[in-house]
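Summary of the model geometry
Each chain is listed here by its residues.
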Amino acid sequence: MSDEQICVGVISGSYGVNGEVRIKSFCAQPDDIETYSPLSSEDGTRKFTLALIRPMKAGFVARIADVASKEQGDALKGVKLFAHRDQLPNLPDDEYYYSDLTGLTVYDTGGVVLGQVKTVHNHGAGDLLEVQLPGASATVLIPFTKADVPTVDLATGRIVADPAEGLF
């Protein structure tokens, strides 16, 4: 079993007074989050058995074993939920888990190093690669589209980008 963990959701606080919580899912099929139970905290010290009750705006209402009060639910607000990598489905060739992209070196189409992927963002309009410039703390956001990022080679740890003129 793989020890690599993938963040599949987050607890956004309590819902009601009986220990139910609000869950935001990061899964392509949002309700799949339930099938990966038990989920764990980022450090792996806590396990969460999740049962989705109903959908709600921006997530689900769920029950977590051993959470019986509003206060216990509120105490979990912000806890990220992780599944083991081998529990998750294999992706098609042109799809990637964010954790696969983080840390990869980004080159332009001429082979010049542009930087390293610091993180991946998605604010609703599509994925953005945050690329940290070499030897600097500054970062640049590149849209993660076929036009801007034509090649991702996980085996060699390389991304080839063709960013818009003046971005770097």
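Look above for the structure.
Right, let's walk through the structure included here. Throughout this description, residue numbers start from 1 for each chain and increase along the sequence as written. Only residues with pLDDT of at least 70 are given local features in this predicted model, and only at 80 or more are side-chain atom pairs given and counted; all residues enter the totals for whole chains, interfaces and linings. Hydrogens are left out, water is left out, and the side-chain values use all remaining heavy atoms of the structure.

**Some points on the overall build of the protein chain**
We apply this condition: Comment: elements are numbered from the N terminus, with helices defined as DSSP H or I runs of at least four residues and strands as E runs of at least two. Two residues qualify as a contact provided that any one of their heavy atoms is within 4.5 Å of a heavy atom in the partner residue. Here the open area of atoms and residues is found with the Shrake-Rupley method and a 1.4 Å probe, where only the protein chains shown may cover a residue. Under the convention used here, Asp and Glu are negative, Lys and Arg are positive, and both His and the chain ends fall outside the count. Charged side chains are reduced to one point each, which is NZ for Lys, CZ for Arg, CG for Asp and CD for Glu.
What the protein chain contains, in helices and strands, is two helices and 13 strands. Over its C-alpha atoms, taken along the principal directions, the protein chain stretches across nearly 60 × 35 × 25 Å. The long-range fraction of contacts in the protein chain, counting pairs at least 24 apart against all pairs at least 6 apart in sequence, stands at 48%. Of the roughly 9700 Å² that the protein chain leaves accessible, carbon and sulfur atoms contribute 51%. Averaging the locations of the 14 positively and 23 negatively charged side chains of the protein chain gives two centres separated by 10 Å.

**Describing the pattern of salt bridges**
This is how the line gets drawn: What counts as a salt bridge is simple: a side-chain nitrogen of Lys or Arg found within 4 Å of a carboxyl oxygen of Asp or Glu.
A full pass over the atoms with the stated rule returns four salt bridges. The residue Glu20 makes a salt bridge to Arg54 at a minimum N-O spacing of 3.8 Å. Note that Glu20 is positioned in strand E2 (residues 20-25) and Arg54 in strand E5 (residues 50-56), a separation of 34 residues in sequence. Here Asp100 makes a salt bridge to Arg85, at a shortest N to O gap of 2.7 Å.

**Considering unusual backbone geometry**
A cis amide bond links Ser37 to the next residue, Pro38, at an omega of 0 degrees. Tracing the backbone through its elements, the reader meets Pro38 in the loop between E2 and strand E3 (39-40). In this structure, Asp66 is a non-glycine residue whose phi angle is positive, near 75 degrees. Residue placement: Asp66 occurs in the loop between strand E6 (59-64) and helix H1 (70-75).

**Quick notes on the pairing of strand E7 (residues 80-84)**
Regular strands have side chains that alternate between both faces of the sheet. Operational definition: In this scheme, a residue with accessible area under 20% of its type's maximum is buried, one over 50% is exposed, and one in between is partly exposed, where area comes from a 1.4 Å probe on protein chains only. Pairs of strands are assigned from DSSP output, requiring at least two bridges between the strands.
Of all five residues that make up E7, four are buried, and the element is covered over most of its length. Sheet analysis places strand E1 (residues 5-15) next to E7, joined by five bridges and oriented antiparallel. Among the inter-strand pairings, Ile6 is bridged to a residue of E7, identified as Ala83.

**Comments concerning the state of the cysteines**
The condition that has to hold: The disulfide criterion is simple: two cysteine sulfur atoms within 2.5 Å.
Scanning all chains against the criterion turns up zero disulfides. Looking at Cys7, it has no disulfide partner, and the nearest cysteine sulfur is the one in Cys27, 9.2 Å off. Judged by its relative accessible area of 27%, Cys7 is partly exposed. Cys27 sits in the buried class, given a relative accessible area of 14%.

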